[in-house]
Amino acid sequence: MRKFIAIGDIHADFGAMWAALRAASCLDAQGLPTPPVRAGLYQVVLIGDLIHPKNELEYARHAGVPSFDFDNSDHLFLAARAQVQQLEKLKAYQDAAPHAVHIVLGNHDSAVLNGDYILGTAGGIKHIEFDPAHGGTFLPGHMRAWFCTFLRELRVGHVQFAHVGPLPQYTYYDDLFYADPATKRWWRETPDLVGMAGLEFGVYGHTQMQDGVLLHESGQFAMIDALHSREYLEIILDPVREHGQVVSARPVPF
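The model shown is predicted, which means the values in this text are computed figures rather than measured ones.

Asker: How would you sum up helix 3 (residues 56–63)? Please name residues and give values.
Answerer: All of the buried residues in helix 3 are Tyr 59, Ala 60, His 62 and Ala 63. End-on, the buried residues of helix 3 take up no more than an arc of 160°, which puts them together on one face. Elements in contact with the buried residues of helix 3: helix 4 (73–96). Of the residues flanking the start of helix 3, the one acting as N-cap is Asn 55, its side-chain oxygen 3.2 Å from the backbone nitrogen of Leu 57.

Asker: Provide a residue-level description of the pattern of salt bridges, including the pertinent values.
Answerer: What the rule picks out here adds up to seven salt bridges. For Arg 61, the salt bridge is made with Glu 58, and the minimal N-O distance between the two is 2.7 Å. Highlighted residues: Arg 61 and Glu 58, both in helix 3, separated by three residues, approximately one helical turn. In this structure, Arg 250 engages Glu 234 in a salt bridge whose closest nitrogen and oxygen atoms are separated by 3.2 Å. A residue pair is termed long-range when its members are at least 10 positions apart, and Arg 250 in strand 10 (residues 246–253) and Glu 234 in strand 9 (residues 231–237) qualify at 16 residues. The class of Arg 250 is partly exposed, set by a relative accessible area of 42%. Given the relative accessible area of 10%, Glu 234 is considered buried.

Asker: Could you give me a rundown of the packing of aromatic side chains, with the residues and numbers involved?
Answerer: Tallied over the full model, the rule gives 14 aromatic pairs. Relative to Phe 70, the ring of Tyr 59 has its centre 5.0 Å away and its plane inclined at 75°; by these criteria the two rings are edge-to-face. One end of the pair, Tyr 59, is in helix 3; the other, Phe 70, is in the loop between helix 3 and helix 4, with 11 residues separating them in the sequence. Side by side, Tyr 59 and Phe 70 carry an identical accessibility label, which is buried. Their ring planes at 70° and their centres at 4.8 Å tell us that Phe 68 and Phe 70 sit as a pair that is edge-to-face.

What counts and how
- Residues numbered from 1 in each chain as written.
- Predicted model: local features only at pLDDT ≥ 70, side-chain atom pairs only at ≥ 80, totals over all residues.
- Heavy atoms only, no water.
- Buried < 20%, exposed > 50% of the residue type's maximum accessible area, 1.4 Å probe, protein only.
- Helix = DSSP H or I, 4+ residues; strand = E, 2+ residues; numbered from the N terminus.
- Arc of directions from axis to C-beta.
- Contact = heavy atoms within 4.5 Å.
- Polar contact = N/O pair within 3.5 Å; in protein donor to acceptor, adjacent residues only side chain to side chain.
- Salt bridge = Lys/Arg side-chain N within 4 Å of Asp/Glu carboxyl O.
- Phe/Tyr/Trp six-rings, centres within 6.5 Å; stacked < 30°, edge-to-face > 60°.

Here it is in structure tokens:
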């Protein structure tokens, strides 16, 4: 049996991410993987969107200012620097157990790499701290190279971990992706896509679950963008069985 600890969209809430890893016995006092992770008995999966805080208060906290101004290049630099400092720690964590720490590429991570899209919210937040064309700063080169190693999906037998959903087109963040409202709705409107994709179980983020991790009534997938609710997903898999791998899946508060 192997345990998978899947954590939803980080969005620069690294404090909650580290707390979840500690609660799951995956993080030691030095900020590195514990023996079960190093041995591969515990597998850590981060489901994407490492960067870009979700609200203005979080931007202000990262920048260390009382009120964040998205038109202030100094504020943008401070927010970017704080995120890079945490990304460095996360990279060291993964480097210590690359066989057991998996990071899925989210659309926010991808946007920083390709620079084609300015992401934001209806409330006026602009995620431009890593966009030099709009007053931000470049993501450091070694960080960009690391982001390029992130997975489009992780498959373990018939179990899939992906940022958005079960379809291949949901793993590429282009014009078609951003024009398709189904990327946020598929789990509610067409949940049978998971079974149609030949999967026994899927684990996805991208769409925030207000009430915490959602285990869909079909029993075929979980939506885990729930770090704000301080929950992650724990899955026990049987690597011997070709089908019916999932022994258990449950949300875990921390």
